[in-house]
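Analysis of the macromolecular model
Each chain, written out:
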Amino acid sequence: MELKTIDEILDKVKNIIKSAPSVARDDSTVLPKNIPALPQWATSLPDGPLPLDRSIERLTANVLPYLNASSLSSRYYGFVTGGVTPAAFVGDVLTTIYDQNVAVHLPAETIATDVEVAALNMLVDLFQLPKQDWGAGTDGNSGGIFTTGATASNVLGLALGREYVLSEAAKRATGKAMSVGEHGLLAVAQAAQVDQVKILSTLPHSSVAKAASIVGLGRSSIVSILQEGTDLAIDVEKLQDLGEDAEAQRTAYILAISAGEVNTGHFASDSADMMKQVREICDKYGIWIHVDGAFGFFGRVLIGHKQSQDYQHITAGTRGLEFADSITADGHKLLNVPYDCGIFFTRHKNLSFNTFQNGNAAYLAGVGASLVQDPLNTGLENSRRFRALPVYATLSAYGREGYCDMLIRQVGLARRLAAWIYEHEKYELLPARLGKDEALAKTFIIVLFRAKEDAVNEKLVKMIKNSGKMYVSGTSWDGKPAARIAISNWRVDVEADGTIVEEVLESVLR
Ligand SMILES: *Cc1c(COP(=O)(O)O)cnc(C)c1O
C-alpha cells in the first residue's frame with residue numbers, strides 16, 4: 001500500500017470531482033441516464049495492491065457518472081433528502097480525517113463526546129425546547145444521542161417506551177421494580193399482567209411499524225386513533241377511553257405522534273393546549289409519548305419568528321411537543337448535514353441506561369461520575385462515527401437566523417407551488433377537501449398533488465423524472481397515485497426553482 005498524506009489524498013479528491021459528472025452536472029439533470037450494470041472486472045476483488053490512481057479509475061468510470069444528483073441539486077424533491085451545507089461538508093470531511101470513535105466519554109483523551117453534547121444542546125436551543133426538561137450532559141433526567149437516522153431514533157423511542165410502560169405496569173401489579181432490559185419483555189409483561197403493548201398513532205411513518213417489530217411489539221400493534229373527518233388529528237377522546245380501559249384490557253399503550261406526516265407534511269396535534277390535554281391523559285394512565293418529528297420538528301424553529309403569523313399552522317402543530325417523553329428528529333433531512341445522522345432526545349435518561357447499557361466490560365468504562373453519558377450505554381452502537389461534528393459545524397456557522405432563512409425559503413417555494421397547482425385546471429392539490437387559504441397555510445415543505453386526468457396521473461411521476469430537471473416521489477393518496485414534492489435542500493431558490501418546476505409541470509401535460 002502506498003503511503004499518502006492527508007494532503008495528497010485531498011488533492012486526488014479535488015481532481016476527481018473536477019471531472020465527476022454528478023458534480024460538474026450540478027443542477028442540469030437530477031438523474032443519470034442509462035445506468036449500466038457494473039462491468040465484471042469492476043466487481044471482482046483485484047489481487048492488488050493497485051496504485052491509488054488505478055483504483056480511483058474504478059470509481060470515476062463505473063460509479064460516479066451513475067449516481068443521482070440528490071444533495072447537489074436544489075430540485076431533487078424525492079423522499080426528504082436534505083442537502084449538505086458548506087459548513088456541514090467541512091465537518092464531515094474532518095470527521096473522516098480524524099475518524100474518532102465516539103463510544104465512551106474520555107474527556108482527557110478526546111473532546112469528541114463534549115462536542116456531541118454541545119451539538120445536542122444547540123439543537124435543544126434551535127428547537128426551543130425548555131432547557132430544564134431537555135438536553136444532554138445535565139444533572140437532570142434528560143438525555144440525547146445522535147443516531148443513524150429517524151428510523152433508529154424511533155427504535156430508541158419505542159424501546160424506552162416499552163421499558164417505561166411495562167415496568168410501570170409491573171410496579172403497579174407487584175409493587176416490585178422490574179426492567180425489560182434486565183428481565184426481558186415476556187417476564188415483565190407477565191408480572192405486569194399485560195398481554196399486549198399497543199402503539200396509538202395517526203398515519204405514522206412506516207418506520208414506526210419497523211421499530212415496533214424490532215423492539216418486539218409487532219407491526220400489528222399499531223392502532224389508529226384518527227379523529228373522524230380529519231386527515232391526521234389525534235382523537236383525544238378515544239385516547240382517554242382507551243387509557244381508562246387499559247387495565248381491564250390488560251393492555252399498555254405508547255402514543256406515537258406524527259409531527260410532520262410524510263405525504264402531506266401536516267401535524268397530528270394542533271396546539272399546545274391539545275398536547276397538554278394529551279399529556280394529562282397519558283400521565284394518568286402511564287402512557288409513553290413519543291414524537292416522530294423527523295422533518296416536522298423543524299417547524300419549531302419558526303416559533304416566535306418575526307413573520308410568525310405566516311407560519312401559525314406549522315408552529316401550532318409543533319407547540320407542546322416538549323411534553324413528550326421522547327423525540328425523534330433527523331439531521332440528514334432539514335438540518336442539511338450528510339447521511340447518516342438522526343437525532344434522539346428523551347426526558348428519561350435513567351431508562352436509557354436500563355435499556356442500552358453495554359454490560360460492564362472494563363476496557364469500555366468511561367468516566368463514571370461525569371454528567372456526560374457514554375454513548376455506548378445510551379444508543380444502539382458501541383463504535384460510532386463522530387456524527388456530531390458536521391452538526392456542530394453547521395449550527396456554529398449559520399445559527400438560528402441561518403436556519404430560519406433556509407426554512408422560510410423552503411416553505412416559500414412549497415407554498416408558491418401549492419398555490420400554482422391549486423389554481424391549475426389540470427392539477428389537484430391534496431388533501432382535496434381543504435380550501436385554498438387553509439391548504440396554503442398548512443403547507444410546510446411538502447406539496448402533495450395529482451393530475452386530474454387519470455391517464456396522465458398514472459404516468460405523472462415518471463414523466464416528471466424523465467424531464468431530468470427535477471425529481472419527485474410517487475405515493476398513493478385516497479387509493480390513487482399521487483406525486484410528492486419535498487423541499488429540503490439549503491440551496492432552494494424560490495424564484496429560480498419555482499419557475500423551472502412550473503415549466504416542467506406544464507410541459508408534462510403536453
Ligand atoms: C424520513 C422519516 C422517517 C425515517 O427516517 P430515516 O432518517 O430515513 O430513518 C421517519 N419518520 C418520518 C416522519 C420521516 O419523514
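One can find the structure itself at the top, above this paragraph.
Let us look at the structure shown here.

The rules we used
- Residues numbered from 1 in each chain as written.
- Predicted model: local features only at pLDDT ≥ 70, side-chain atom pairs only at ≥ 80, totals over all residues.
- Heavy atoms only, no water.
- Helix = DSSP H or I, 4+ residues; strand = E, 2+ residues; numbered from the N terminus.
- Rg over C-alpha atoms; globule rule 2.2 N^0.38 Å.
- Buried < 20%, exposed > 50% of the residue type's maximum accessible area, 1.4 Å probe, protein only.
- Contact = heavy atoms within 4.5 Å.
- Lys, Arg positive; Asp, Glu negative; His and termini not counted.
- Charge placed at Lys NZ, Arg CZ, Asp CG, Glu CD.
- Core = buried A, V, L, I, M, F, W, Y, C linked by side-chain atoms within 4.5 Å.
- Phe/Tyr/Trp six-rings, centres within 6.5 Å; stacked < 30°, edge-to-face > 60°.
- Pairing = 2+ DSSP bridges.
- Axes fitted to C-alpha atoms, helices over the stretch in contact; angles between N-to-C directions.

Regarding the overall build of the protein
Looking only at helices and strands, one finds 18 helices and 12 strands in the protein. Its C-alpha atoms give the protein a radius of gyration of 24 Å, near enough to 24 Å, the size a compact globule of 510 residues would have. Considered along the principal axes of its C-alpha atoms, the protein spans approximately 70 × 65 × 45 Å. Considering the protein as a whole, with its 510 residues, one finds that 51% of them fall into the buried category. In the protein, once contacts between residues fewer than 6 apart in sequence are set aside, the share between residues at least 24 apart is 74%. Taken as two groups, the 49 positive and 59 negative side-chain charges of the protein have centres that lie 4 Å from each other.

Some points on the nonpolar core
Among the nonpolar cores identified, the biggest contains 72 residues, and Leu-123, Leu-255 and Phe-345 are the most heavily contacted of them. Within the residue set of this core, elements represented by two or more residues are α6 (112-126), α11 (236-244), β5 (251-258), α12 (272-285), β6 (288-292), β7 (326-330), β8 (342-346) and α15 (388-423). Ranked by residues supplied to this core, first place goes to α15 with 10 residues. What Leu-255 contacts, discounting residues up to four positions off in sequence, is Leu-200, Ile-225, Leu-239, Val-278, Cys-282, Ile-287, Trp-288, Ile-289 and His-290.

Section: the packing of aromatic side chains
Aromatic ring pairs: the centre-centre distance and the angle between the two ring planes describe each pair. If you walk through the whole model with that rule in mind, you get 10 aromatic pairs. Between Phe-267 and Phe-444, the aromatic rings sit 6.0 Å apart at their centres with planes inclined by 50°, giving tilted as the arrangement. Taken together, the positions of Phe-267 in the loop between β5 and α12 and Phe-444 in the loop between α16 (436-442) and β10 (446-451) put the pair 177 residues apart, joining distant regions of the chain. Of the residues examined, Phe-267 reaches a relative accessible area of 12% and is grouped as buried. Overall, the relative accessible area of 0% leaves Phe-444 in the buried class. Plain terms: the ring middles of Phe-295 and Phe-444 are 6.4 Å apart, the flat faces sit at 20° to each other, and that makes the pair stacked. Here Phe-295 is found in the loop between β6 and α13 (312-318), whereas its partner Phe-444 is found in the loop between α16 and β10, with 149 residues between them in sequence. Exposure remark for Phe-295: the relative accessible area of 2% places this residue in the buried category. Here the aromatic residues Tyr-76, Phe-79 and Tyr-471 are joined through ring pairs into a cluster of three or more.

Digging into the sheet that holds β8
In space, the seven strands of this open sheet follow the order β2-β8-β7-β6-β5-β3-β4, with mixed pairing throughout. On the outer flanks of this sheet lie β2 (143-147) and β4 (222-224), each paired with one strand and no other. On average, each strand axis in the sheet is inclined to that of its neighbour by 20°, with strand direction left out of account. The sheet contact formed by β2 and β8 spans five bridges and is antiparallel. Residue pairing in the sheet places Gly-143 in a bridge with Thr-346 of β8. Contacts from α6 reach β2 and β8 within the one sheet, and its direction differs from that of β2 by about 105°.

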